[in-house]
Amino acid sequence: MQIAIASGKGGTGKTTVATNLAWVASRNGRKVAYLDCDVEEPNGHIFLKPELSDRKPVGDLIPQVEAEKCTLCGKCGEICRYSAIVCVGQKVLVYPEMCHGCGGCWLVCPAGAITGVSREMGTLETGRAGAIQFAHGLLNVGEIRAIPLIKAVKSTDFRADLSIVDAPPGTSCPVIEAVRDADLVILVTEPTPFGFHDLKLAVETVQALKLPLGVVINRASLGGREIHTYCTARRIPILAEIPDDRRLAEAYSRGEMACDALPEYQSVFTGLLEAIAYRVSSSS
Amino acid sequence: MKELVVISGKGGTGKTSIVASFAVLAKKAVLADCDVDAADLHLVLEPRIVKRSQFSGGSQARIMPGHCIACGKCEEICRFDAIFYDGPGNGRVEKTYRVDPIACEGCGVCAYFCAENAIEFTPVVNGEWFVSDTRCGPMVHARLGIAQENSGKLVSIVRTEAKKLAEERKRDLVIIDGAPGIGCPVIASITGADLVLVVTEPTLSGLHDLERVADLTKHFGIETLVCINKWDLNKDLGSEIERIARRRGLKMAGNVRYDHVVTEAQIKKKSVVEYREDGVTTDIRQLWAEVVALMDKDLP
């Protein structure tokens, strides 16, 4: 079973939910993998404190041009939709950071002068946090494309019963790549105008992907009932509510797991785990 | 004219609330919401849309089932796992290939190599952008379509249009609300800007993400200021973040206290400085004064 934790708005508590869920599931004897797919700003390791045992570079293919074979025909520049390769004067120029690795240029080159070579875009680190298997990606600074690295994090083979994907905020391509294979997407929100607005965008995104979803309301005591009304009208289950508790915020600030620092919250996440299991079994 | 970009690395640190207050305090700025896939500034500034335009960031492939002979070439060459063998049959083959529009990155390679010319490759609308009037001046904002790509291109459009507007209306500052993270939309928001303000929070996550985003602004050589929002939530860590920021050559522009008034103001669709005279507003006014002073001094 793969569960993705996403949010629309940033800072609503994705990582809190994802790491604590991994913690309680692991205590309940499940074989758990935590996959941090927020490769731009991964934070799960701050809370789970894994021992990282393996690091490997992750790359994507970019074109390499052999000048001796190149006939300067310009076909590579014509097929490229990303302005990543251009033929100017007596030279073919490659702009690696623009390249999407589609392979059009090396497929089209009639002289066989172009080959796809790997270029590092980030690092995949794996290890264990107690019984929890851990993977995260670190996008190199200045890199535009997070997707190949997200794919690498997700394809780490842990043979887990429960894989928890911590997704990046927003609603665009990195989020989609993170959540697209999930059996259930959990959207973490908060009852503020920004939280509610971005929840609606996130719901539309998940529904466009035709994936089952549920909502967790964080800092629930903060606001009104708008989110409840909205979810009820759309038959979206609210799987858990976490109160607005300054002690939770303080534990978070120190990098402590809620379940560790404030054991009374274990029942909230155990309840969430049960709600998830029920939701997945009823939608499959 | 100068461009000030407010970003955060970590999401939810309070970028948009601070930008909304800056919009009021600046009086004569143009505003740009470059968090195009989860834009929120409009919820406070309530823009009246004056002009709306469609955004097309690229093209998308579509296999015409009537023409497909199911040779499988497209699936073989697609590097984005966007082609599936589950399209409707036609008189010649039982099943055809189909492009998943969400996974398609619009490279057009499949259409180029399809021997049957069975693949259409046409521009798609990925979103919309708006020029608006607000009580704090003109604003450019956008909405990326659901599950669409090319947020970086849309960010570039928003920035370019905001600059144009600033020139037309003779305003000498553009304030940009950026996206979280360090990837494509963030890079598009900051490249070539004059000044970046990073809004962080006194948490280990906030610190970690500040360091990543500071590496990014350094990579692009942009002068960077730091503000710790909700700094009194963990004062020790707040001081530690200040030390680390200074050691990295970042300038501390001021800290803002934790206050429920910030959420109340948001609910009332007001910026914090419009909602309250004292308390947290004092902090934001001081922060703004410092940002202005640094802008005037270092960026002639």
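Just so we're clear, the structure is a prediction, and the values are computed from it rather than from any experiment.

Here is what the cut-offs are and how they apply
- Residues numbered from 1 in each chain as written.
- Chains lettered and ligands numbered in written order.
- Predicted model: local features only at pLDDT ≥ 70, side-chain atom pairs only at ≥ 80, totals over all residues.
- Heavy atoms only, no water.
- Helix = DSSP H or I, 4+ residues; strand = E, 2+ residues; numbered from the N terminus.
- Buried < 20%, exposed > 50% of the residue type's maximum accessible area, 1.4 Å probe, protein only.
- Contact = heavy atoms within 4.5 Å.
- Areas by Shrake-Rupley, 256 points an atom, 1.4 Å probe, with all protein chains shown as cover.
- Lys, Arg positive; Asp, Glu negative; His and termini not counted.
- Charge placed at Lys NZ, Arg CZ, Asp CG, Glu CD.
- Pairing = 2+ DSSP bridges.
- Axes fitted to C-alpha atoms, helices over the stretch in contact; angles between N-to-C directions.
- Disulfide = S-S within 2.5 Å.
- Domains from an automatic or database assignment.
- Buried area = accessible area lost by both parts, 1.4 Å probe.
- Salt bridge = Lys/Arg side-chain N within 4 Å of Asp/Glu carboxyl O.
- Polar contact = N/O pair within 3.5 Å; in protein donor to acceptor, adjacent residues only side chain to side chain.

Q: Quick question: what am I supposed to make of the overall build of chain A here?
A: Of the regular secondary structure elements, chain A holds 11 helices and 11 strands. The proportion of buried residues among the 284 residues of chain A is 59%. Restricting to contacts in chain A with at least 6 residues of sequence separation, those with at least 24 account for 73%. Put simply, chain A shows about 11200 Å² of open surface, and 49% of that area lies on carbon and sulfur atoms. Distance between charge centroids for chain A: 4 Å, based on 29 positive and 32 negative side chains.

Q: What am I meant to see in the environment of K15 of chain B here?
A: All names here are of chain B. Within the secondary structure, K15 is located in helix α1 (residues 15-26). Distance from K15 to A162, taken between C-alpha atoms, is 19 Å for residues 147 residues apart in sequence. Each residue touching K15, except ones within four places of it in the same chain, is listed here: V6, I7, S8, K10, D177, G178, A179, P180 and V199.

Q: Got a minute to help me understand the sheet that holds strand β3 (residues 51-65) of chain A in this structure?
A: Pairing between sheet strands relies on hydrogen bonds along the backbone, with the strands arranged either parallel or antiparallel. All names here are of chain A. As summarised here, the arrangement of the 9 strands in space is β3-β6-β7-β2-β8-β1-β9-β10-β11, forming an open sheet in which the pairing is mixed. Only two strands of the sheet have a single neighbouring strand rather than two, namely β3 and β11 (238-241). Strand-to-strand twist across the sheet, computed as the mean angle between neighbouring axes with direction ignored, equals 20 degrees. Note: strand β10 (residues 213-217) against β11, 3 bridges, orientation parallel.

Q: How should the environment of G10 of chain A be read in this particular structure?
A: Looking at where G10 of chain A falls in the secondary structure, it is placed in the loop between β1 (2-6) and α1 (14-27). Residues G10 of chain A and E66 of chain A, 56 residues apart in the sequence, show an inter-C-alpha distance of 45 Å. Residue contacts for G10 of chain A: discarding those within four places in its chain leaves P169 of chain A together with G11 and G12 of chain B.

Q: Would you mind going over the state of the cysteines with me for this structure?
A: One covalent bond between the sulfur atoms of two cysteine residues makes up a disulfide. Applying the stated rule across the entire model yields 0 disulfides over all chains. Free of any disulfide, C87 of chain A has its nearest cysteine sulfur in C70 of chain A, 5.9 Å distant.

Q: What is the right way to look at the sheet that holds strand β8 (residues 127-134) of chain B in this model?
A: Residue and element names in this part refer to chain B. Taken in spatial order, the 9 strands make up an open sheet running β3-β8-β9-β2-β10-β1-β11-β12-β13, and their pairing is mixed. This sheet does not close on itself; its edge strands, each paired only once, are β3 (48-55) and β13 (251-256). Pairs of neighbouring strands in the sheet enclose a mean axial angle of 20 degrees, with direction left out of account. With 8 bridges joining them, β8 and strand β9 (residues 137-144) adopt antiparallel strand pairing. Residue pairing for β9: E128 is matched across the bridge by R143. Of the strands in this sheet, β1 (2-7), β2 (30-33), β10 (173-177), β11 (195-200), β12 (223-229) and β13 are in contact with α1, which crosses β10 at around 165 degrees. In this fold helix α7 (residues 204-219) packs onto β1, β11 and β12, with an angle of close to 170 degrees to the strand it touches most, β11.

Q: I'm lost on the domain arrangement of chain B in this one. Help?
A: Note on interface size: it is often stated as the accessible area lost on association of the parts. All names here are of chain B. If you check the domain split of chain B, you get domain 1 (2-56 + 127-298) and domain 2 (58-124). Of the residues lining the interface, 5 residues belong to domain 1; the matching set on domain 2 comes to 6 residues. Three residues stand out in domain 1 for area buried against domain 2, namely S56, A147 and E149, and they jointly supply 76% of the buried area on that side. Our enumeration of links across domain 1 and domain 2 arrives at 0 salt bridges.

Q: Looking at this structure, how should I read the interface of chain A and chain B?
A: Contact residues are listed per partner, giving 61 residues for chain A and 63 residues for chain B. When chain A packs against chain B, the two sides together hide about 5000 Å² of surface, and 58% of this comes from carbon and sulfur. It is E41, V141 and F194 of chain A that lose the most area in chain A upon contact with chain B, and together they represent 15% of the buried surface on that side. Where chain A packs against chain B, one counts 5 salt bridges. Ionic pairing is found between D81 of chain B and K151 of chain A, a salt bridge with its closest N-O pair at 3.8 Å.

Q: Looking at this structure, how should I read the domain arrangement of chain A?
A: Residues and elements named next belong to chain A. For chain A, the assigned domains are domain 1 (2-58 + 121-283) and domain 2 (60-120). In this complex, domain 1 contributes 10 residues to the contact, which on the side of domain 2 involves 7 residues. Together domain 1 and domain 2 conceal approximately 670 Å² of surface at their shared face, both sides included; 45% is due to carbon and sulfur atoms. As a salt-bridge pair, E143 and R119 come within 2.6 Å of each other at their nearest N and O atoms. Our enumeration of links across domain 1 and domain 2 arrives at 5 residue pairs in polar contact (both at pLDDT 80 or more).

Q: Could you clarify how one ought to interpret the side chain of N20 of chain A in this entry?
A: Residue and element names in this part refer to chain A. You can see N20 is positioned in helix α1. Separated by 2.9 Å, the side chain of N20 and the backbone nitrogen of C259 make a polar contact. Not counting residues within four places of it along the chain, the set of residues in contact with N20 comprises M257, A258, C259 and F269.

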